[in-house]
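Inside the fold
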Amino acid sequence: MSRGGRHAYGALSVLAAGALVLTGCSKGGSDDNDGGKKQEENAKRQQASIKFGDAAASNGPAADVPGAKPGGTMEVLQRDSYAHLDPAQIYVSDEGSLASLLHRGLTGYKATSNDGSKHEVVGDLATDSGTTSDGGKTWKYTLKDGIKFQDGSPITSKDVRHSVERLFASFINQGPTYLQQWLADKPGTEYRSLLKDGPYKGKHLPGSVLETPDDKTVVFHFKTPHPDLPYALAMAGYAVVSEKGDTKEKYDKAPVVTGPYKIQSFKSGKSMVLVKNTNWDPKTDPIRHQYVDRFNITFNQQYETSTKALLADTGADQTGVSFNNQVDAGNLSQVLRDPKMKGRTVSGYQPYVGQMNINMSHPAMKDKTIRQAIAYALPITPFVRAYGGTDAMEVAGGLISPTVSGYDATFDPYGKKKKPAGDPEKAKELLKKAGKLNMKLTFGYINTPEGQQYSTAMAAGLKKAGFNVQRQEIPAETYYDQVSKLNNNYDIFHTAWGADWPSASTVIPPLYDGRVIADGAQNYSQVNDPKINSEIDRINKITDPVKSAAAWEKLDQYIVKDSLNVVPTAYYKQTQIAGSKVGGLVYDDVLGGLDPRRLYIK
């Protein structure tokens, strides 16, 4: 989940380590004034597991936001329109923020502090976060009384069963796959064989896998322990879908929701209006609020546009906000250092690690010497600068963020921390060695001002090394749909990913397991390395978290140095602002951004 990156509602949302901070505008940005000690403390806090709450913690309503009052219309300025509204298809940050208002699942993350830094996993539609008596092989959930869809129909275990079973249908190809793989006890996309075509041809998962003995009870059965199930079920991708209202592919544009808001209108690429869902009962919801009467969402608002509008703070923009847009690079330093903006600003570290993918399905990219040339040549400075310098980014060495146990701050195989502008001379030597000077390199980039800026400068750096770089723009709204196609034309393209909960097991398997290569899957580089695949299986069986973390970090280093299908770029931060009449502003560590569920109009 990110400004184009992928992440579900996980427990790790802070990316910081003082040792990684770039300094000086010559390296691509402004000085970072947060302080190394504060950043290290912030990172360590996010490494801690979030506890599972009991029935008492799962009761609604959610604790009142101090000073909050109901009523009014809030203007929401968003860069990207929403490609997916079906919860099973949601796996990117902007859709995840929206999902926090629309969709509910069996579990969810409840904030236990007013600053967005403390949470616990609680029962959302369920009465608690789940009970297991055998170490995580069997999990039981009981649904709450009084929970309904927006049309007033009750939510029953049949709807939960249907929501799980439809995950196996071929048209569901954008969301998470943890639950499906665990139920099928199969890696990669092999899980679909458990229930080919989902429930749409009358077949269902056997009772040995999923039981719904009555309208209130749901029991999951796994062949091996999965103690992380409450984390997984809190993801937007596993929210409940109405069996009666399921329209298959069409559900992606008009879902039957369960949260405090429903969609009154949606004009893709233009606007969306959210209004109160009168069939949402706050007594059943320990997580969300329904203070605002209406959200008017306008799309195609670039970072600079939304920043200037909210800074001006006139008219409707006084009650304006953006769920996901960050302060643009040109205004970031000023906003962070203006004491008058403190009450209208939220900042925090995001869970994402950026990476330049090298498309391993293209014959020319199979030559490791060429991939090494790309790795050394690629300048990171333009990427950092495009998003606001070191107030917004830190140069990355590996693929595991500083907030995940096992992270190695010294790992920097291509010298990016010392030479963020790249090493074109070394890269040119490698290209000469491969006999590929002036080879064509197709660079797919997101068509936003930031994407235009960093891709132009990155392409120039690659050209210095001897590549003939051809840039191809990709619309922001469908960017991840395009780069996740198996037969795309791009040799290199940038993505970002954050841990879904406190483990690198939610980073490396979804991105680099060769058995998950498929249209819409997240193995963007299409790497299929037998060693990576076998190590994923081995490490997933390690129950000791310390040993597991060390093993994941070792595999991280193998991927970057030896397999070399991606080049790490940066760890992300974010700053967002709102109009002067917006209350309830909090940067939520789990959402990795502003929390829409707490907002009210002063």
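Bear in mind that the values here come from a model prediction, so they are computed numbers and not experimental data.

1. Examining the overall build of the protein
Across its full length, the protein holds 15 helices and 20 strands. Taking 2.2 N^0.38 as the reference for a compact globule, 602 residues should give roughly 25 Å; the C-alpha atoms of the protein span a radius of gyration of 23 Å, in line with that estimate. Seen through its C-alpha atoms, the protein measures out along the principal axes to roughly 70 × 55 × 45 Å. Put simply, the protein has 602 residues, and 63% of those count as buried. Within the protein, counting contacts between residues at least 6 apart in sequence, those at least 24 apart form 75% of the total.

2. Some words on the packing of aromatic side chains
For the structure on display, the rule yields 22 aromatic pairs. Their ring planes at 70° and their centres at 6.4 Å tell us that Tyr490 and Phe493 sit as a pair that is edge-to-face. Its relative accessible area of 0% is what places Phe493 among the buried residues. The rings of Tyr141, Tyr178, Trp182, Phe220 and Phe222 are connected pair by pair, giving a single aromatic cluster. The ring centre of Tyr200 lies 4.9 Å from the NZ or CZ of Lys248, which sits over that ring. Directly above the aromatic system of Tyr445 lies the positively charged group of Arg471, at a separation of 4.3 Å from the ring centroid.

3. Digging into the pairing of strand β2 (residues 107-111)
Most of β2 is tucked away: four of the five residues are buried. Sheet topology note: the β2/strand β3 (residues 119-123) ladder contains five bridges and is antiparallel. Directly across from Lys110, in β3, lies its bridge partner Glu120.

4. Some points on the environment of Pro87
Following the sequence through the fold, Pro87 ends up in the loop between β1 (73-77) and α2 (93-102). Using a relative accessible area of 0% as the deciding quantity, one classes Pro87 as buried. Separated by 148 residues in the primary sequence, Pro87 and Met235 have C-alpha atoms spaced 9.1 Å apart. Among residues more than four places away in sequence, those in contact with Pro87 are His103, Ala236, Gly237, Ala239, Val241 and Tyr251.

5. Details of the packing of helix α14 (residues 530-540) against helix α15 (residues 545-563)
Describing two packed helices takes the angle between their axes plus the distance from one axis to the other. Look at α14 against α15: their axes get within 10 Å of each other, and the N-to-C directions meet at 170°. The angle between the axes of α14 and α15 places the two elements in the roughly antiparallel class. Between α14 and α15, the contacting residues are Lys531, Ile532, Glu535, Ile536, Arg538, Ile539 and Asn540 on the first element and Ser548, Ala551, Trp552, Leu555, Tyr558, Ile559 and Ser563 on the second. Class assignment for the residues of the contact of α14 with α15 results in eight nonpolar, three polar and three charged.

6. With respect to the sheet that holds strand β16 (residues 566-577)
Taken in spatial order, the six strands make up an open sheet running β12-β16-β11-β15-β13-β14, and their pairing is mixed. Strands with a single pairing partner mark the edges of an open sheet, and in this sheet they are β12 (393-395) and β14 (468-474). For this sheet the average axis-to-axis angle between neighbouring strands, irrespective of direction, equals 30°. Relative to strand β15 (residues 492-498), strand β11 (residues 345-358) runs antiparallel, the two being bridged by seven bridges. Each residue of the ladder has a partner; that of Val353, found in β15, is Trp497.

7. Focus: the nonpolar core
Inside soluble globular proteins, nonpolar side chains tend to come together where they are buried. Ranked by size, the top nonpolar core spans 127 residues in total, and within it Leu179, Phe220 and Phe467 carry the most contacts. The contact partners of Phe220, leaving out residues within four places of it in the chain, are Leu106, Lys137, Thr138, Trp139, Tyr141, Val164, Leu179, Leu183, Val209, Leu210, Leu229 and Leu233. Of all hydrophobic cores here, the second largest spans 26 residues; its members include Met74, Met272, Leu585 and Leu594.

8. Side note on helix α11 (residues 449-464)
Helix length check: α11 (16 residues) gives 23 Å between terminal C-alpha atoms against 22 Å at 1.5 Å per residue, within 8%. Considered for burial, the residues of α11 that qualify are Glu450, Gly451, Tyr454, Ser455, Met458, Ala459, Gly461 and Leu462. With its buried residues spanning 160° around the axis, α11 presents them on a single face.

9. Regarding the packing of helix α8 (residues 368-377) against helix α10 (residues 424-434)
Look at α8 against α10: their axes get within 8 Å of each other, and the N-to-C directions meet at 165°. If you check the angle between α8 and α10, you find them roughly antiparallel. As α8 packs across α10, the resulting crossing turns out to be left-handed. From α8, Thr369, Ile370, Gln372, Ala373, Tyr376 and Ala377 reach across to α10, where they touch Lys426, Ala427, Leu430, Leu431, Lys433 and Ala434.

10. A word on the confidence of the model for the protein
Residue-level pLDDT values for the protein average 90, and 91% of them are 70 or greater. Scored below 50 in pLDDT, residues 1-36 shows 172 contacts in the model against residues more than four places distant or in partner chains.

11. Remarks on the sheet that holds strand β9 (residues 294-298)
Sheets are built from strands that pair by backbone hydrogen bonding, the pairs being arranged parallel or antiparallel. The sheet built from five strands is open, its strands ordered β7-β8-β9-β1-β10 with mixed pairing. Edge positions in the sheet fall to β7 (261-267) and β10 (320-321), since each of these pairs with one other strand and no more. Judged from the five bridges that link them, strand β8 (residues 271-276) and β9 form a sheet pairing that is antiparallel. Bridge pairing in β9 places Val273 opposite Asn296.

12. Digging into unusual backbone geometry
At the junction of Gly60 and Pro61, the peptide bond is cis and its omega measures out at 0° in the coordinates. As for its position among the elements, Pro61 is in the loop between α1 (36-47) and β1. The phi torsion at Asp197 lies on the positive side, around 75°, for a residue other than glycine. Residue Asp197 is classed as partly exposed on the basis of its relative accessible area, which comes to 28%.

13. So, the pattern of salt bridges
Tallied over the entire structure, the rule returns 23 salt bridges. What you see here is one network of salt bridges that share partners, running through Arg104, Asp124, Asp285 and Arg288.

Basis of the calculations
Every chain is numbered independently, its residues counted from 1 as its sequence is written. Restriction of local features to residues with pLDDT of at least 70 applies here, the model being predicted, together with a cutoff of 80 or more for giving and counting side-chain atom pairs; totals for whole chains, interfaces and linings are based on all residues. As a rule here, side-chain values cover all heavy atoms of the structure and leave hydrogens and water aside. Only DSSP runs of H or I covering at least 4 residues are called helices, and only runs of E covering at least 2 are called strands; the numbering of each starts at the N terminus. Throughout, the radius of gyration refers to the C-alpha atoms, and the reference size of a globule is 2.2 Å times the residue count to the power 0.38. Each residue's exposure class comes from its accessible area (1.4 Å probe, protein chains only) as a fraction of the maximum for that residue type: buried when under 20%, exposed when over 50%, partly exposed otherwise. Contacts are residue-level and defined by heavy atoms, with any inter-residue pair within 4.5 Å sufficient. Ring pairs are drawn from Phe, Tyr and Trp, using the six-membered ring of Trp, whenever the two centres fall within 6.5 Å, and their geometry is named by plane angle: stacked under 30 degrees, edge-to-face over 60, tilted for the rest. Remark: a charge is flagged as sitting over a ring if the NZ atom of Lys or the CZ atom of Arg is within 6 Å of the ring centre and within 35 degrees of the ring normal. Pairing between strands is defined by DSSP: at least two bridges between the two strands are required. Whenever a helix is involved, its axis is fitted only over the stretch in contact; in every case the axis is a line through C-alpha atoms, and angles between N-to-C directions fall within 0 to 180 degrees. Note on angle classes: values under 35 degrees are labelled roughly parallel, values over 145 roughly antiparallel, values of 65 to 115 roughly perpendicular, and the remainder oblique. Under the scheme applied here, ten amino acids are nonpolar (Ala, Val, Leu, Ile, Met, Phe, Trp, Tyr, Cys and Pro), four are charged (Asp, Glu, Lys and Arg), and all others, including Gly, are polar. Throughout this description, the term nonpolar core refers to a set of buried Ala, Val, Leu, Ile, Met, Phe, Trp, Tyr and Cys residues connected via side-chain atoms within 4.5 Å. An expected span of 1.5 Å times one less than the residue number is assigned to each helix. Comment: arc refers to directions from the helix axis out to C-beta atoms. Left-handed describes a crossing whose near helix is turned anticlockwise from the far helix by less than a right angle; the clockwise case is right-handed. The predictor attaches a confidence to each residue, called pLDDT, with possible values from 0 through 100. Take a side-chain nitrogen of Lys or Arg and a carboxyl oxygen of Asp or Glu: if they are within 4 Å of each other, that pair is a salt bridge.

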